[in-house]
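The chain contents come next:
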Amino acid sequence: MGVVYLAERADGQYRKQVAIKLINSDLAGESVLRRFRNERQVLATLEHPNIARLIDGGVTADGCLYFRDGVRGRSSHRYLV
């Protein structure tokens, strides 16, 4: 459904890592976009120390995205194969 990147603030004001989830809205159908918006809304309501919180979300010229706290951990790919 999307791709997730680990990113770090680069302007030198302070250090912060975030996870950026991005989907290409041109390639995704309306049902995928609806699920993405619902996922973002659910994350906005969750507040728990073991769940990465939503920082921000929006739309770029070529896709939808949101930012979450960056979390170090194992890749889920090894569990999906």
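Above: the structure in question.
Just so it is clear, the model here is predicted, and its values are computed rather than measured.

**Q** Is there a simple way to explain the overall build of the chain in this structure?
**A** For the chain, the count of helices and strands is two helices and four strands. Pairs at least 24 residues apart make up 46% of the contacts formed inside the chain by residues separated by at least 6 positions.

**Q** Can you help me understand a nonpolar patch on the surface in this one?
**A** On the surface, a nonpolar cluster with roughly 220 Å² of combined accessible area is contributed by Val42, Leu46 and Ile51. By the element assignment, Leu46 lies in the loop between α1 (30-45) and β3 (54-60). Overall, the relative accessible area of 32% leaves Leu46 in the partly exposed class.

**Q** Which parts of the structure should I look at to understand the pattern of salt bridges?
**A** Any two side chains of opposite charge can pair, so long as their charged atoms come close to each other. What the rule picks out here adds up to four salt bridges. A salt bridge links Glu8 to Arg15; the nearest nitrogen and oxygen atoms lie 3.9 Å apart. Taking the relative accessible area as the measure of exposure, Glu8 reaches 42% and is therefore partly exposed. By relative accessible area, Arg15 is classed as exposed at 72%. Here Glu39 and Lys21 are joined by a salt bridge, their closest N and O atoms 3.0 Å apart. On the criterion of sequence distance, the pair formed by Glu39 in helix α1 and Lys21 in strand β2 (residues 17-23) is long-range, its members being 18 residues apart. Taking relative accessible area as the criterion, Glu39 reaches 25% and is therefore assigned partly exposed.

**Q** How should I be thinking about the nonpolar core in this particular structure?
**A** Nonpolar side chains in soluble globular proteins tend to end up buried together. Membership of the largest hydrophobic core is limited to six residues, which are Ile23, Ala28, Val32, Leu33, Phe36 and Cys64. Ranked by the residues each element gives to this core, the list is headed by α1, at three residues.

Conventions and cut-offs
- Residues numbered from 1 in each chain as written.
- Predicted model: local features only at pLDDT ≥ 70, side-chain atom pairs only at ≥ 80, totals over all residues.
- Heavy atoms only, no water.
- Helix = DSSP H or I, 4+ residues; strand = E, 2+ residues; numbered from the N terminus.
- Contact = heavy atoms within 4.5 Å.
- Patch = residues over 30% accessible without salt bridge, like charges linked within 9 Å, V, L, I, M, F, W, Y side chains within 5 Å.
- Areas by Shrake-Rupley, 256 points an atom, 1.4 Å probe, with all protein chains shown as cover.
- Salt bridge = Lys/Arg side-chain N within 4 Å of Asp/Glu carboxyl O.
- Buried < 20%, exposed > 50% of the residue type's maximum accessible area, 1.4 Å probe, protein only.
- Core = buried A, V, L, I, M, F, W, Y, C linked by side-chain atoms within 4.5 Å.

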